[in-house]
Amino acid sequence: MITSLESYVTLLKRYNEHTNIYSKSAYDQLAFHVQDGVTLGNLLPSRALTIFDFGSGSGLPALPLAIMNADYTVYAIESKSRKTTFLTQVKEALALSNLHVITSNLFEWQAPVKADIITAKAFASPEKIQKISKKLRQDHATIWIPMSAVQIKQYREIPSATVVQQDDFLYLKIHHEG
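Every chain begins its residue count from 1, and numbering advances along the sequence as written. Whole-chain, interface and lining totals are the exception, using all residues; otherwise, since this is a predicted model, local features are given only for residues with pLDDT of at least 70 and side-chain atom pairs are given and counted only at 80 or more. In computing side-chain properties, one takes all heavy atoms of the structure into account and sets aside hydrogens as well as water.

(A) Inspection of the pairing of strand β3 (residues 99-103) at higher detail. With 5 bridges joining them, strand β2 (residues 72-78) and β3 adopt parallel strand pairing. Of the residues in β3, the one forming a bridge with Ile77 is Ile102. Crossovers are marked right-handed if the path from the first strand over the helix to the second runs clockwise, as seen with the strands pointing away from the viewer. A helix here means a DSSP run of H or I that spans at least four residues, while a strand means a run of E at least two residues long, and both kinds are numbered starting from the N terminus. The handedness of the β2 to β3 crossover, carried by helix α4 (residues 81-93), is right-handed. A pair of strands counts as paired when DSSP detects no fewer than two bridges linking them.

(B) A look at the pattern of salt bridges. Any carboxyl oxygen of Asp or Glu that lies within 4 Å of a side-chain nitrogen of Lys or Arg is treated as forming a salt bridge with it. Counted according to the given criterion, the structure contains 2 salt bridges. Residue Lys24 pairs with Glu17 through a salt bridge whose shortest N-O separation is 3.8 Å. Classification of Lys24 by relative accessible area gives partly exposed; the value is 42%. Accessibility expressed as a relative area gives 56% for Glu17, which makes it exposed. Across the salt bridge formed by Lys121 and Asp36, the nearest N and O atoms sit 2.7 Å from each other. Any residue under 20% of the maximum accessible area for its type is buried, any over 50% is exposed, and the rest in between are partly exposed; the area is computed with a 1.4 Å probe on protein chains only.

(C) Representation of the packing of aromatic side chains within the structure. Pairing of aromatic rings covers Phe, Tyr and the six-membered ring of Trp, with a centre-to-centre limit of 6.5 Å; geometry is then stacked below 30 degrees between planes, edge-to-face above 60, and tilted otherwise. Throughout the structure, instances matching the rule amount to 9 aromatic pairs. Each residue in the set Tyr8, Tyr15 and Phe86 is aromatic and connected to the rest through ring pairs, giving one cluster.

(D) Just the pairing of strand β1 (residues 49-54), in detail. Of all 6 residues making up β1, 6 are buried, and the element is well covered by its neighbours. Every second residue of β1 is oriented toward a common face, with Leu49, Ile51 and Asp53 on one face and Thr50, Phe52 and Phe54 on the other, all of them buried. In terms of strand pairing, β1 meets β2 through 6 bridges, oriented parallel. Residue pairing in the sheet places Phe52 in a bridge with Tyr75 of β2. Crossover β1 to β2 through helix α3 (residues 62-68) is right-handed. As paired elements, β1 and strand β4 (residues 115-119) share 3 bridges and run parallel to each other. Residue pairing across strands places Phe52 opposite Ile118, the latter belonging to β4.

Below, the structure written as structure tokens:
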């Protein structure tokens, strides 16, 4: 698993040399962001789950989740083809058969299944994520949004939301009933 995560980071930096999908000025934060995805994976149940990652971008947290647990079926959904080209290259290089790379706008995408878990790092406000996810999720799905401490203060009062902290990582967890 660690080797696969290291390979992912190497592939990201190599691809980023010619196609900007992750800010080079934020490379000092890359290990933190990868660990954020790993930590999220440790918080999720370790059983077969369908996970949709909205706005996957450079693959965080979709790729760490797919790498960590082969029982997860992870859909990395991104509208920009320059980013999904990279995600597809990583999927092939790391033989991630549980990763599905989707080049589509979420409003237009026809999901083949409904999600148990939705993640959305730096994608949109929690309210917008809830609205978009309504037609794409199971009735009892959970949304996990990695956030900073500043963002958590802004959104912690959302009904059905709880703040989950694990080490240096914060998540807004929104649980749906029916």
